[in-house]
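# Architecture and fold: a report
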Amino acid sequence: MATTNDIKNGTVLKLEGQLWNVIEFQHVKPGKGGAFVRTKMRNVMSGKVVDKTFNAGLKIETATVDRRDYQYLYQDGEDFVFMDTSDYDQIHVSGATVGDATNFMLENQMVNIAIHEGTPLYIELPPSVVLEITYTEPGLQGDRSSAGTKPATVETGYEIQVPLFVEQGTKVKVDTRDGSYLGRVND
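What you are looking at is a predicted structure, and each value in this text was computed from that prediction instead of being measured.

Each value, and the rule that gives it
Residues numbered from 1 in each chain as written. Predicted model: local features only at pLDDT ≥ 70, side-chain atom pairs only at ≥ 80, totals over all residues. Heavy atoms only, no water. Pairing = 2+ DSSP bridges. Helix = DSSP H or I, 4+ residues; strand = E, 2+ residues; numbered from the N terminus. Axes fitted to C-alpha atoms, helices over the stretch in contact; angles between N-to-C directions. 1 Å grid on protein atoms, 1.4 Å probe; cavity = no way out; pocket = protein on both sides within 12 Å on 5 of 7 lines; lining within 4 Å. Points joined across faces, edges and corners; volume = space filled by probe spheres on them. Nonpolar A, V, L, I, M, F, W, Y, C, P; charged D, E, K, R; others polar. Buried < 20%, exposed > 50% of the residue type's maximum accessible area, 1.4 Å probe, protein only. Polar contact = N/O pair within 3.5 Å; in protein donor to acceptor, adjacent residues only side chain to side chain. Contact = heavy atoms within 4.5 Å.

Another point: the sheet that holds strand E12 (residues 128-136). Strand order in the open sheet made by the 5 strands is E14-E13-E12-E15-E16, with antiparallel pairing throughout. Looking at strand neighbours, the two that pair on one side only are strand E14 (159-163) and strand E16 (181-184), the edges of this open sheet. Across the sheet, the axes of successive neighbouring strands diverge by a mean angle of 50°, strand direction being ignored. Two elements, strand E15 (residues 171-175) and E16, share 3 bridges in a ladder whose sense is antiparallel. When the bridges of E16 are listed, Val 172 appears paired with Arg 184.

Moving on to the sheet that holds strand E9 (residues 90-94). Taken together, the 5 strands give an open sheet; going across it, the order is E9-E8-E7-E10-E11, and neighbouring strands pair in antiparallel fashion. With one partner strand each, in any of the chains shown, E9 and strand E11 (119-124) form the two edges of the open sheet. Each strand axis lies, on average, 45° off the axis of its neighbour in the sheet, ignoring direction. Inspection of the sheet shows strand E7 (residues 66-76) paired to strand E10 (residues 110-116) by 6 bridges, in the antiparallel sense. Following the sheet pairing, Gln 71 is matched in E10 by Met 110.

Let us look at the layout of surface pockets. Its boundaries defined by the atoms lining it, the largest pocket holds a volume of some 990 Å³. Lining the largest pocket are 33 residues, with Arg 42, Tyr 122, Ile 123, Glu 124 and Leu 125 sitting closest to its centre. Per element, the largest residue contribution to the lining of the largest pocket is 5 residues, and it comes from E11. Partitioned by chemical class, the residues of the lining of the largest pocket number 16 nonpolar, 12 polar and 5 charged.

This next bit is on the environment of Ala 96. By the element assignment, Ala 96 lies in helix H1 (residues 95-98). When the C-alpha positions of Ala 96 and Tyr 122 are compared, they lie 9.3 Å apart, and in sequence the two are 26 residues distant.

The subject of this paragraph is the environment of Gly 34. Position of Gly 34 relative to the elements: it lies in the loop between strand E3 (18-28) and strand E4 (36-43). Here Gly 34 falls in the exposed class, since its relative accessible area comes to 55%. With 21 residues separating them along the chain, Gly 34 and Asn 55 place their C-alpha atoms 7.5 Å apart.

With that out of the way, let us pick up the pairing of E3. Note: strand E2 (residues 12-15) against E3, 4 bridges, orientation antiparallel. When the bridges of E3 are listed, Val 12 appears paired with Asn 21. Between E2 and E3, which pair antiparallel one after the other, the connecting turn spans 2 residues, and Glu 16 there sits at a positive phi close to 50°. As paired strands, E3 and E4 are joined by 8 bridges and run antiparallel to one another. By the bridge assignment, Glu 24 is partnered in E4 with Lys 40.

Let us now look at the side chain of Thr 136. With respect to the helices and strands, the residue Thr 136 is situated in strand E12. For Thr 136, a relative accessible area of 7% translates into the label buried. Side-chain polar atoms of Thr 136 contact the backbone oxygen of Pro 151, separated by 3.0 Å. Every residue in contact with Thr 136, bar those within four places of it in the chain, is listed here: Lys 150, Pro 151, Ala 152, Val 166, Glu 167 and Gln 168.

In structure tokens, the structure reads:
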């Protein structure tokens, strides 16, 4: 058992028989009344995001979650196959568990997988990844300085918005949390 003072980003709580991953937390100590902890949590199984407030010092149950680095190997039907690089064990993770991470995963990329009692819960990608633009319309001459954007497809098949000057074949850095363009990458 832990208390609400132990809540941090990434903590997995066991509430009412379900597992919840803490996305954000804030300890609040108002001038009047007792302190409390405001959290934003994602249900590990359904992906539903809720806001929940706990009184400070309240006892809560945390789930034991093992986070390990795995290498993404390939997609096998609906499942994705990952390998633990320390002992070469392979695990199959369902497409529902992988979720939106498929938009940013390339073969041989390292990811962090959270496992609870032998069941993969979710996949954590690095904050940003480098992907190559496979298709985009050419930018219009004279639009180089304006702040306009255009759609571009990256090598995973995901579509992002990029500035008009970005061309096909360019490697770009993409934020894995929201899919936003972060800049060009020079090799």
